[in-house]
Structures are given as C-alpha cells and as structure tokens.
There are 2 protein chains.
Amino acid sequence: MDPFLVPFGTPRPERADAVRNREHLLRTAREMIAAEGVDKVTMDGLAERAGLGKGTVFRRFGTRAGIFRALLDADERRFQEQVLSGPPPLGPGAEPVERLIAYGRARTAFLLDHQAIARAGLDRNRPVPASGASLTQLHLRMLLLQAAPMPHLDAVTVQLTAALEGPLVLYLSRPEGEAPLDPGAAGFFGDAWQTLIERLVHGPQAAPARDSRHDSRHDNGHDSRRGDRKGAP
Amino acid sequence: MDPFLVPFGTPRPERADAVRNREHLLRTAREMIAAEGVDKVTMDGLAERAGLGKGTVFRRFGTRAGIFRALLDADERRFQEQVLSGPPPLGPGAEPVERLIAYGRARTAFLLDHQAIARAGLDRNRPVPASGASLTQLHLRMLLLQAAPMPHLDAVTVQLTAALEGPLVLYLSRPEGEAPLDPGAAGFFGDAWQTLIERLVHGPQAAPARDSRHDSRHDNGHDSRRGDRKGAP
DNA sequence: CTGCGAAACGGGGTAAAGTCCGCTTAGGCT
DNA sequence: AGCCTAAGCGGACTTTACCCCGTTTCGCAG
C-alpha cells in the first residue's frame, strides 16, 4: 500500500464504464450529425438518444463544444502524424519553404473538410487554442525560423496562424444554410497561402504562385479556375 | 396620398420612442459593462435595469451580440473616419505601404482597446464580417492592389484580414479572468504586422529598423501557452 | 381633434447549456 | 469473497437567450 508508487503525473486511469460511455456518446454524436447536422445536436438530445443521463455527457466532455473537439481529435491526430512523420513535402525531408506551402495547403483542405465540426468546437468565452491551432502555431514557427528568420517571429507566427485558420473557421463559414462552401475554395486559399509564403521568403520578384504541383492524396479536386474576383461575402 | 413618393430604398423612418429606447438601452448597457463587465450583461437584466420589457431589447438589437455590435459601432465609425479622411499616414495621402502599416498598427490598437466588447459582439453561428472586419478587408484590398499587385489577391486579402483581426479577437483573448492582455501587445503585434507587410512588398532584404523597443532578431517575451494538459507528443 | 394602421412594447413561454448532489458501481485491497 | 472508497451516474434545478402574440402607442391624414 505504497501511495508513492505513482505520486504524480498519472492522474489516474479511466474507469472501464467511463470509456465505454464516452465511445458510445461519440458514436451517437456522429450519427446525429450525419442525420441532422451539427446544430441539431443538443446535450439533452444526445444523452437521451444514447440512453444516458445528461450529467454523464457533461462529465465526459465538459461542454458542448468539447464534444466536437473530441470528435475532431482523432482526425487531427492523423493529420498531425502526416506532418510529423509522413512523406515530404508535408512531412520532414523537404526544404522549409516547401514544407510551409505544403502545410498550408494540407491544413486548408483539412479545415474545409471538417468545417462544420471545427466551427462547432469553438467556444464562446474561451480563447481558441483548440489543440489544432497550437500545433499549427508550433509548426509554422519552426519552419519560419528555418526558412526566413525575421524580427518579431513569435507575433508573426500568431498572425500567420490566424491567416491560415481564420478564414475557414470564421470568416467564411456558411451560417447553416446548405452551401457548404465551394470545395474549390481549398485550392483557392491554398494558392493564396503559397503566394503569401513565397513573398515572405523571396520577395515580390518570385515567380507567380501558379502550378501547385503538390500532388499528394490530399488533393481533393481543385479544378480552380483563375480570374475570378470577389473573394468573400 | 401618393405611396410612390418613397417607393423603395427607404424602409421607413424609425419611430421617436424607438430611438429614445435604443439610446437608453445603449447607455444602460455601457453602465452595466463598466460596473460589472461584459458577461454580466444579460438580456433580462438589461431590460429590467432600463425599466423596459425584454421583448423590447430583442426588438432593438435582435440578439445579445447585437447589443455589443451596436456599442462598438460608434467607435468603429470614428475609426473609419480617420482612415477615410484623417491625416496621413493613416488617412489618404501617404504611400500605400505606409498606409498599410499605419492601418495595421491603428487597427491593432483599436481592437485591443475594445477587446472585451468586440469579442462579445461575436455571434456563434454567423460568419464574422461584423462590419468592422469587412472595412478592414476592403481597405486592405485596395492598398495591396496599389502597393504590391499579386496573384490571388482576394484570397490573400481575406487571409491578411484574419492575420490582423484574428489574434486579438480570438486567439489571445483572456477568458474573463482579469489580465486584460498586456497593453504592450499592441506594439508587439503592430511591429509584427509591419514586418509582414514590408516583406510582402519588398522582400526579405528590406531593413526593418523602425521605432519600437523591440529590435532583437527574435524576441520572446511573449506568452506562449497556459496550462495545457498533455501537450503535443 | 379624431380615427386608424403600422410600429413598438411587454412579459410569459420555450429550449438548451450548464450545475448540484445524493445514489450506484467498478475495481483494488485484504 | 467481501469491503471500501473514489469515480461515475442520473436527472432535477437554474440560468439565459430568444420567440410569440395580445395590447399600447405613435404619428399622419382628414
């Protein structure tokens, strides 16, 4: 009976029933989202449909937004893996600039794919660092440091993080009316990001950012046509 | 008698009592905010304290966030005036690059000043363009076009808007616990913005060397992150 | 001054998030 | 196996944004 075997650091393992319930809730939430959309998912509704008490739902996720964050987490982890140990240029091995550009494109596509849930994971009255954003921040900081050391690096990193994640999570989301945002937008913002990065690193003389020949599997249909103006509502 | 005198375009003037009540509500709201902070302002509380019905409050502002947007509006308009017809470099007359930089600094300071209210004006489930952001977008677009024409201008503009406004309304706000964000942050993000713009326009060879007390190659006196259980592997 | 239609008002009603606390149960210990 | 306690559970309760609709008021025309 030595209580010092695990003095700190391991808060305690999670009880089996708790795990079971969490997974059941997550599964149920996914069903409800697929069936009726994110904002038809209410805490009472979820609890009832899962056959559990409302208190349990809150105990597991803390807040409504917490559910969506948990839902996103699995995919986020997969994305993270691609970045940390996948093939270049997204993963390690390519030049920093290439990686910056690849990261921006991949992240844009990711956010577009997960737009509804990512948005629902936001929490009025809490800052954003919803795990995803902070990875972006860390990663951008590292690559920027290598690719183009500059003054005020930390603040610039925060701003570029916002530039990358802000538009898709915040500025352009459709309220709930159908139109889940033209999928071409991914390529569109990806191209813009590339322009931004290339100019940051090489200056304006760099060749125009056409021809994104980044051809990993994240390339969900960018049949983007140029020349359209009007960027946002 | 002639209903075609004002056929369209002028929905109708606002009734005198309506105006009076709106102003009274705004005044009351300001008092409550000053006394107890933004999130102690509830619709019922405001209505009661103003001696009006709850329905009236909603009729005037539509939604809770609407109140804060209305509150911000006056200051926002004043800011807008400085930009559109104040003295350079913020107002017209200076070089586009100068104006871009000045705008970023001024906007940063503005947002920092109005952080609490701006944040409260956000509306879960509606995109952001809360009037303020769209002015930023328009203005940035115009100046960018003059200062450094580039491909994908519209999307880049959206991203830069996010870079400018995102950090202060989203990524860095204090939940409600005191610490209203170090006022030095204004200069900090202003400097970062300047770096960003100068590199976008001139490339990395440009010598920054500007005012401001930050001049190291990469400073780091910046809040990185708070208690984050099990950080990223 | 009087009548009238549209706008504004009031406040009770609903739905959904989040809190509390007494009861139940998993799972380590003896 | 039986105990014991912290973790987990449920659901009533509270708070708040937001809706609805019968009633009141404004302000214009005659």
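Worth saying up front: this structure is predicted, and the values here are computed from it rather than measured.

1. Overview of the protein's contact with DNA strand C
- Within the structure, DNA strand C sits among 22 residues, and Lys54 of chain A together with Arg12, Asn21, Lys54 and Thr56 of chain B are positioned closest to it.
- Sugar plus phosphate, as a fraction of atoms of DNA strand C within 4 Å of the protein: 62%.
- Within the backbone of methionine 43 of chain A, an N or O atom sits 2.8 Å from a phosphate oxygen of DNA strand C.
- For DNA strand C, a phosphate oxygen lies 2.8 Å from a polar atom in the backbone of glycine 53 of chain B.
- Elements supplying a minimum of two residues to the surface near DNA strand C: helix H1 (16-36), helix H2 (43-50) and helix H3 (54-61) of chain A together with helix H1 (16-36) and helix H3 (54-61) of chain B.
- Top element by residues in the surface near DNA strand C is H3 of chain B. It accounts for 5 residues.
- Each residue belonging to the surface near DNA strand C can be placed in one class, and the counts come to 5 nonpolar, 6 polar and 11 charged.

2. Observations concerning the packing of aromatic side chains
All names here are of chain A.
- According to the stated counting rule, one finds 6 aromatic pairs over all chains in the structure shown.
- Relative to phenylalanine 189, the ring of phenylalanine 188 lies with its centre 6.3 Å away and its plane at 85 degrees, an arrangement referred to as edge-to-face.
- By relative accessible area, phenylalanine 188 is classed as buried at 16%.
- Through a chain of ring-to-ring contacts, three or more aromatic side chains come together here, namely Phe79, Tyr103 and Phe110.

3. Some remarks on the protein's contact with DNA strand D
- Of all residues adjacent to DNA strand D, which total 23 residues, the nearest are Arg12, Asn21 and Thr56 of chain A together with Lys54 and Arg64 of chain B.
- At the protein interface, 67% of the atoms of DNA strand D within 4 Å belong to sugar or phosphate.
- Within the backbone of glycine 55 of chain A, an N or O atom sits 3.3 Å from a base nitrogen of DNA strand D.
- Note that a phosphate oxygen of DNA strand D is positioned 2.6 Å from one of the side-chain N or O atoms of threonine 56 of chain A.
- At the level of elements, H1 and H3 of chain A together with H1 and H3 of chain B are the ones that each hand at least two residues to the surface near DNA strand D.

4. A word on the UniProt feature "DNA-binding region" (unreviewed entry) in chain A
- This chain's UniProt record puts "DNA-binding region" (unreviewed entry) on residues 42-61 of chain A.
- From the first C-alpha to the last, residues 42-61 of chain A spans 13 Å; its make-up is 80% helix and 0% strand.

5. Regarding the packing of helix H4 (residues 64-85) of chain A against helix H5 (residues 96-113) of chain A
All names here are of chain A.
- Close contact between H4 and H5 brings their axes to 12 Å; oriented N to C, the two are set at 165 degrees. As the angle between them shows, H4 and H5 are arranged roughly antiparallel. In terms of crossing hand, the pair formed by H4 and H5 is right-handed. Residues Asp75, Glu76, Phe79 and Val83 of H4 form the contact with H5, whose own contacting residues are Arg99, Tyr103, Ala106, Arg107 and Phe110.
- Looking at the contact of H4 with H5, its residues break down into 5 nonpolar, no polar and 4 charged.

Rules behind the numbers
Residue numbering note: each chain is counted from 1, following its sequence as written. Chain letters start at A and ligand numbers start at 1, both assigned in the order the entries are written. Only residues with pLDDT of 70 or above have their local features reported here, since the model is predicted, and side-chain atom pairs are shown and tallied only from 80 upward, although totals for entire chains, interfaces and linings are computed over all residues. Hydrogens and water molecules were not included; the side-chain quantities draw on all heavy atoms of the structure. Whether a residue is near a molecule or strand depends on its heavy atoms: if one lies within 4 Å, it is near. For the purposes of these results, a polar contact is taken to be a pair of N or O atoms within 3.5 Å, where, inside protein, one atom must be able to donate a hydrogen and its partner to accept one; residues adjacent in sequence count only when each atom of the pair is a side-chain atom. In DSSP terms, a helix is any run of H or I states spanning at least four residues, a strand is any run of E spanning at least two, and both are numbered starting from the N terminus. We call Asp, Glu, Lys and Arg charged. Ala, Val, Leu, Ile, Met, Phe, Trp, Tyr, Cys and Pro are nonpolar, and the rest, Gly among them, are polar. Side-chain rings of Phe, Tyr and Trp, where Trp is taken by its six-membered ring, are said to pair if the distance between their centres is within 6.5 Å; with planes under 30 degrees apart they count as stacked, over 60 as edge-to-face, and otherwise as tilted. Each residue is assigned to one of three classes by its accessible area relative to the maximum for its type, calculated with a 1.4 Å probe on protein chains only: buried under 20%, partly exposed between the two thresholds, exposed over 50%. UniProt positions are given in the numbering used here, feature names are shortened, and annotations may be inferred rather than shown by experiment. Throughout, an axis means a line fitted to C-alpha atoms (over the contacting stretch in the case of helices), and angles, computed between N-to-C directions, take values from 0 to 180 degrees. Oblique is the label for any angle not under 35 degrees, not over 145, and not in the 65 to 115 range, which are roughly parallel, roughly antiparallel and roughly perpendicular in turn. The sense of a crossing depends on the near helix, which, turned anticlockwise from the far helix by less than a right angle, makes the crossing left-handed and, turned clockwise, makes it right-handed. The contact definition used throughout considers only heavy atoms, calling two residues in contact when any of these lie within 4.5 Å.

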